[in-house]
Structure formats: C-alpha cells, structure tokens
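Residue strings, one per chain:
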Amino acid sequence: MDDRVNRIKDVLEWLKASELFRSNREIAERMGYNPSMVSQVITGRSAVTQKFVRSLSSVCSRISYDWIWTGEGDMLRETPSSGAIPTERFSELDRFSFIMADMAQLMKNFSSVVGPLERRVAELERRLAEQGSTIERLQSLLDRMEKAATP
C-alpha cells in the first residue's frame, strides 16, 4: 500500500485517539467529504489528491500537510513558542473549536427549522383569530334570530 495512504491512516487514528473525533465519518464530514470517499482513499480505491490532504490537514492545526504529502518532517507541528499553548492543552483547544463549530452548525440547522415553524404558528394563530371572530359573529346572529323568533 502507498506510504501516503499509511500516513493518512496514521492521522485518522491520531485524531480519534486524541478524542478530537469519534469516527472517520466525523473526520470526513469536517473535511467536507463524503465518508465513503475517505474509505475509498484509505483502501486504495481512490487516488490521494493534494486537495484531500489539504482538507485532512485542515481539521487540526497541528497536522502537517507536508508530512502527509511527502513524508518529510513530523506528523504533528510544534506549537508556537510565543504565547505558547502547552502541548497537553492544545488538543483540548482543538476539541473546543470543533465543539463550537458543531454548535454553530446545530444553531444554523435549528434556525432553518424554527423559522418556518414560527411562520406556520403565526399563520395558524391568524386563522384561529379569524375563526374566533366568525364564531362571535355567528353567535351574535343566532342570538338576534332567537330574540326575533320569541314572541
């Protein structure tokens, strides 16, 4: 099997072992790929493209694109020395950023559901008010008709 594919597998395993992701499916979704495409790449059925490697290395700022693509250097980049974030905290921050991104997506999805529901509720409330007015008008008419019918 291609060494590049093995490096991709190593990255996927590291991302899961670091608890940044629970599955290859989550990683694929974060990359913007269909999970089956990731599976095809790691089984060798699809070629590894630079776009794919860029997407994979973008899911965590510590992952080295160059290492995946060429095998040179280390899989993980060193953390910046100025304003340094301790290495043990780095994965926590990455995890936090992924959680925040997931929350943002959930809010977006929630808004796309709630908006139409709010419009539907407003429409039903409007129709209910119209029906209430109609009932009051008919009740008033019935009362007048009953008064007119009694001697």
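Each remark here, short or long, concerns the structure printed above.
What you see is a predicted model, and the numbers here were worked out from it, not measured in a lab. (Residues numbered from 1 in each chain as written. Predicted model: local features only at pLDDT ≥ 70, side-chain atom pairs only at ≥ 80, totals over all residues. Heavy atoms only, no water.)

**Q** Help me understand the overall build of the protein, please; the structure alone is not making it clear to me.
**A** Each helix and strand in the protein was counted, giving six helices and zero strands. Residue burial in the protein is summarised as follows: out of 151 residues, 26% are buried. The long-range share in the protein, meaning contacts at least 24 apart out of those at least 6 apart in sequence, stands at 50%. (Helix = DSSP H or I, 4+ residues; strand = E, 2+ residues; numbered from the N terminus. Buried < 20%, exposed > 50% of the residue type's maximum accessible area, 1.4 Å probe, protein only. Contact = heavy atoms within 4.5 Å.)

**Q** Whenever I open this one, the pattern of salt bridges confuses me. Can you help?
**A** Opposite charge on two side chains permits them to pair, given that their charged atoms come into close proximity. Applying the stated criterion across every chain, the model contains five salt bridges. In this structure, Glu 29 and Arg 25 form a salt bridge, with 3.8 Å as the shortest nitrogen-oxygen distance. With Glu 29 and Arg 25 both in helix α2 (residues 24-31) and four residues apart, this pair spans about one turn of that helix. By relative accessible area, which is 49% here, Glu 29 ends up partly exposed. Glu 123 is the salt-bridge partner of Arg 126, the closest N and O atoms lying 2.5 Å from each other. (Salt bridge = Lys/Arg side-chain N within 4 Å of Asp/Glu carboxyl O.)

**Q** Would you take a moment to explain the packing of aromatic side chains for this structure?
**A** To describe a pair of aromatic rings, you give the distance between the ring centres and the angle between the ring planes. Enumeration according to the criterion identifies two aromatic pairs in this entry. An angle of 65° between the planes, with centres 5.1 Å apart, marks the rings of Tyr 33 and Phe 52 as edge-to-face. Here Tyr 33, found in the loop between α2 and α3 (35-42), pairs with Phe 52, found in helix α4 (residues 50-58); they are 19 residues apart in sequence, far enough to count as distant. Accessibility expressed as a relative area gives 16% for Tyr 33, which makes it buried. Pairing Tyr 65 with Trp 69 gives two aromatic rings, centres 6.4 Å apart and planes at 10°, and the pair type is stacked. Of this pair, Tyr 65 and Trp 69 both sit in helix α5 (residues 65-70), four residues apart, roughly one helical turn. Cation over ring: Arg 54 sits above Tyr 65, and NZ or CZ is 4.4 Å from the ring centre. (Phe/Tyr/Trp six-rings, centres within 6.5 Å; stacked < 30°, edge-to-face > 60°. Lys NZ or Arg CZ within 6 Å of the ring centre and 35° of its normal.)

**Q** Could you clarify how one ought to interpret α4 in this entry?
**A** Since there are 3.6 residues in each turn of an α-helix, residues three or four apart along the chain are aligned in direction. All buried positions along α4 are accounted for by Phe 52, Val 53, Ser 55, Leu 56 and Ser 57. Elements in contact with the buried residues of α4: α1 (3-17), α2, α3 and α5.

**Q** Sorry if this is basic, but what is going on with unusual backbone geometry here?
**A** The general pattern is negative phi for most residues beyond glycine and trans for most peptide bonds. Here the phi dihedral of Glu 19 falls at roughly 65°; this positive angle occurs in a residue that is not glycine. Here Glu 19 is to be found in the loop between α1 and α2.

**Q** Looking at this model, I keep getting lost on the side chain of Arg 7. Mind explaining?
**A** Mapped onto the elements of the fold, Arg 7 is located in helix α1. One buried charged residue, Arg 7, remains without a salt bridge, the closest side chain of opposite sign being Asp 3 at 4.9 Å. Sequence-distant contacts of Arg 7, that is, excluding residues within four places in its chain, are made with Trp 67, Ile 68, Trp 69, Thr 70 and Gly 71. (Lys, Arg positive; Asp, Glu negative; His and termini not counted.)

**Q** How do you make sense of the nonpolar core when you look at a structure like this?
**A** Note on soluble globular proteins: their nonpolar side chains tend to be buried together. Counting residues in each nonpolar core, the largest one holds 27 residues, and the members touching the most others are Ile 8, Val 11, Leu 15, Met 31, Leu 56, Ile 63 and Ile 68. Among the secondary structure elements, those contributing two or more residues to this core are α1, α2, α3, α4 and α5. With six residues, the top contributor of residues to this core is α1. Among all residues touching Leu 15, those that are not within four sequence positions of it are Leu 20, Phe 21, Ile 27, Leu 56, Val 59, Cys 60 and Ile 63. (Core = buried A, V, L, I, M, F, W, Y, C linked by side-chain atoms within 4.5 Å.)

**Q** Would you mind showing me how to read the packing of α2 against α3 here?
**A** Between two packed helices, both the angle of their axes relative to each other and the distance between the axes serve to describe the pair. The N-to-C vectors of α2 and α3 enclose an angle of 110°; their axes lie 8 Å apart at closest approach. With respect to α3, the element α2 is oriented roughly perpendicular. Contacts between α2 and α3 involve Asn 24, Arg 25, Ala 28 and Met 31 on the former and, on the latter, Pro 35, Val 38 and Ile 42. For the contact of α2 with α3, the per-class residue count stands at five nonpolar, one polar and one charged. (Axes fitted to C-alpha atoms, helices over the stretch in contact; angles between N-to-C directions. Parallel < 35°, antiparallel > 145°, perpendicular 65-115°, else oblique. Nonpolar A, V, L, I, M, F, W, Y, C, P; charged D, E, K, R; others polar.)

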